[in-house]
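Fold and contact review
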Amino acid sequence: AQRETARQYLLAELRAAGLDADLHAYATGQNVRARLPATTGAAASRIVVGAHYDGVPAGPEAADDGTGVALVLVAARYLSRQTRRDHPVEVVLFDQEEVGLLGSAAYANSLRAEGVAVDSMHGFDMLSFDGNGDRAVELWSPSAGLEDLYRLHGTPRGIPVRAVRFASSDHQSFLSRGFAATGVGEEFVGDDHTPHYHRATDTWERVDFDYL
């Protein structure tokens, strides 16, 4: 019910960080996006980093997917400060994930129609809960090479990485259109996930910020 409020807030946050941000409109909604050019001068495929900003009517959706949105905003600020980016990066906050992945499907379709080369899409969705304290994350249906990439960086930091098959998040819009992609979340398939999922109790006080 407050998607317009959310998207205007996100636009302001990205612009305050100095990013070139705008809205990507489609028939029933609008994605929020920002683009960071490569700094090395060479043409290269894009890396897409995303999360969805819509929720379900039941509750405030702090976990699903306020946590993913927060992570992506932090990543955007961090990446904008780097002096070297070998790939252009697109930060995209997707609309209407909860009603059929509509925003991410529209965005992936636009990239396909424009003939854009995409290195990989990384979708962050619900990183709020770690009931057994093992710090693990799930990779949802990772394309070839992405599981190894996450293990390379996660293992030295004590973060177990568990690859599972899961299609109900925005990464699937990219996979089904032939792009390399993965979702990243708490252990939803592994049954170590927030008990407040899609409930009125999904508020920020119940987010494990150390885990996030």
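The structure we're discussing is the one just above.
Residues numbered from 1 in each chain as written. Predicted model: local features only at pLDDT ≥ 70, side-chain atom pairs only at ≥ 80, totals over all residues. Heavy atoms only, no water.

1. Section: the pairing of strand 8 (residues 181-185)
With five of five residues buried, strand 8 is to be regarded as a mostly interior element. Residues Ala-181, Gly-183 and Gly-185 of strand 8 are buried on one face, and the alternating residues Thr-182 and Val-184, pointing to the opposite face, are buried as well. Across four bridges, the pairing between strand 5 (residues 118-124) and strand 8 is parallel. Residue pairing for strand 8: His-122 is matched across the bridge by Thr-182. Inspection of the sheet shows strand 6 (residues 137-140) paired to strand 8 by three bridges, in the antiparallel sense. (Buried < 20%, exposed > 50% of the residue type's maximum accessible area, 1.4 Å probe, protein only. Helix = DSSP H or I, 4+ residues; strand = E, 2+ residues; numbered from the N terminus. Pairing = 2+ DSSP bridges.)

2. Some details on the packing of aromatic side chains
Overall, the coordinates contain six aromatic pairs when judged by the stated rule. Ring centres of Phe-166 and Phe-188 lie 5.5 Å apart, and the angle between their planes is 55°; this geometry places the pair in the tilted category. Taken together, the positions of Phe-166 in the loop between strand 7 (161-164) and helix 5 (171-175) and Phe-188 in the segment after strand 8 put the pair 22 residues apart, joining distant regions of the chain. On the accessibility criterion, Phe-166 (18% relative accessible area) is buried. On the numbers, 6.0 Å between centres and 55° between planes, the contact of Phe-174 with Phe-179 is tilted. In textbook terms, an aromatic cluster arises when at least three aromatic residues are bridged by ring pairs, as seen for Phe-94, Tyr-107, Phe-174 and Phe-179. Its guanidinium or amino end placed over the ring of Phe-179, Arg-112 lies 4.2 Å from that ring's centre, counting from NZ or CZ. (Phe/Tyr/Trp six-rings, centres within 6.5 Å; stacked < 30°, edge-to-face > 60°. Lys NZ or Arg CZ within 6 Å of the ring centre and 35° of its normal.)

3. Points about the environment of Gly-55
Position of Gly-55 relative to the elements: it lies in the loop between strand 3 (46-52) and helix 2 (62-80). A sequence separation of 41 residues divides Gly-55 from Gln-96, and the C-alpha atoms of the two residues are 7.8 Å apart. When near neighbours in sequence (up to four residues on either side) are disregarded, Gly-55 contacts Glu-61 and Glu-98. (Contact = heavy atoms within 4.5 Å.)

4. Details of the sheet that holds strand 3
In any sheet, the strands associate via hydrogen bonds between backbone groups, in a parallel or an antiparallel arrangement. Here we have eight strands laid out as an open sheet, ordered 1-2-4-3-5-8-6-7, and mixed in their pairing. The open sheet has two edge strands with one neighbour each: strand 1 (20-26) and strand 7. When the angles between neighbouring strand axes are averaged without regard to direction, this sheet yields 25°. Bridge analysis of strand 3 against strand 4 (residues 89-94) gives six bridges, and the strand direction is parallel. For Val-49, the partnering residue across the bridge sits in strand 4 and is Val-91. Against the sheet, helix 2 touches strand 2 (29-36), strand 3, strand 4 and strand 5, its axis set at about 145° to strand 3. (Axes fitted to C-alpha atoms, helices over the stretch in contact; angles between N-to-C directions.)

5. Here we look at the layout of surface pockets
One simple way to see leftover space: roll a probe sized like a water molecule over the atoms. Here the largest pocket defines a volume of roughly 1,200 Å³. Every residue lining the largest pocket is counted, 30 residues in all, and those nearest its centre are Leu-71, Ala-75, Phe-124, Tyr-150 and His-153. Counting only elements with at least two residues in the lining of the largest pocket, the list comes to strand 3, helix 2, strand 5 and helix 4 (146-154). Looking at the lining of the largest pocket element by element, the count peaks at five residues for helix 2. When its residues are assigned to classes, the lining of the largest pocket shows 18 nonpolar, four polar and eight charged. In this structure, the second largest pocket is lined by 31 residues; those nearest its centre are Ala-6, Tyr-53, Pro-60, Glu-61 and Gly-66. Elements that contribute at least two residues to the lining of the second largest pocket include exactly helix 1 (3-16) and helix 2. (1 Å grid on protein atoms, 1.4 Å probe; cavity = no way out; pocket = protein on both sides within 12 Å on 5 of 7 lines; lining within 4 Å. Points joined across faces, edges and corners; volume = space filled by probe spheres on them. Nonpolar A, V, L, I, M, F, W, Y, C, P; charged D, E, K, R; others polar.)

6. Observations regarding helix 1
Three- or four-residue spacings in an α-helix give side chains the same orientation, since the helix completes a turn every 3.6 residues. Along its 14 residues, helix 1 runs 20 Å from first to last C-alpha, staying within 8% of the 20 Å computed at 1.5 Å per residue. Those residues of helix 1 that fall on the buried side of the exposure criterion are Arg-7, Leu-10, Leu-11 and Leu-14. Looking down the long axis of helix 1, one finds its buried residues gathered within 105° of arc, a one-sided arrangement. Summarising the geometry of helix 1, the exposed residues directed more than 90 degrees from the buried face are Thr-5 and Ala-16. Buried residues in helix 1 make contact with strand 1, strand 2, helix 2 and strand 4. In the stretch just after helix 1, Gly-18 is the one whose phi turns positive, near 85°. (Expected span 1.5 Å × (residues − 1). Arc of directions from axis to C-beta.)

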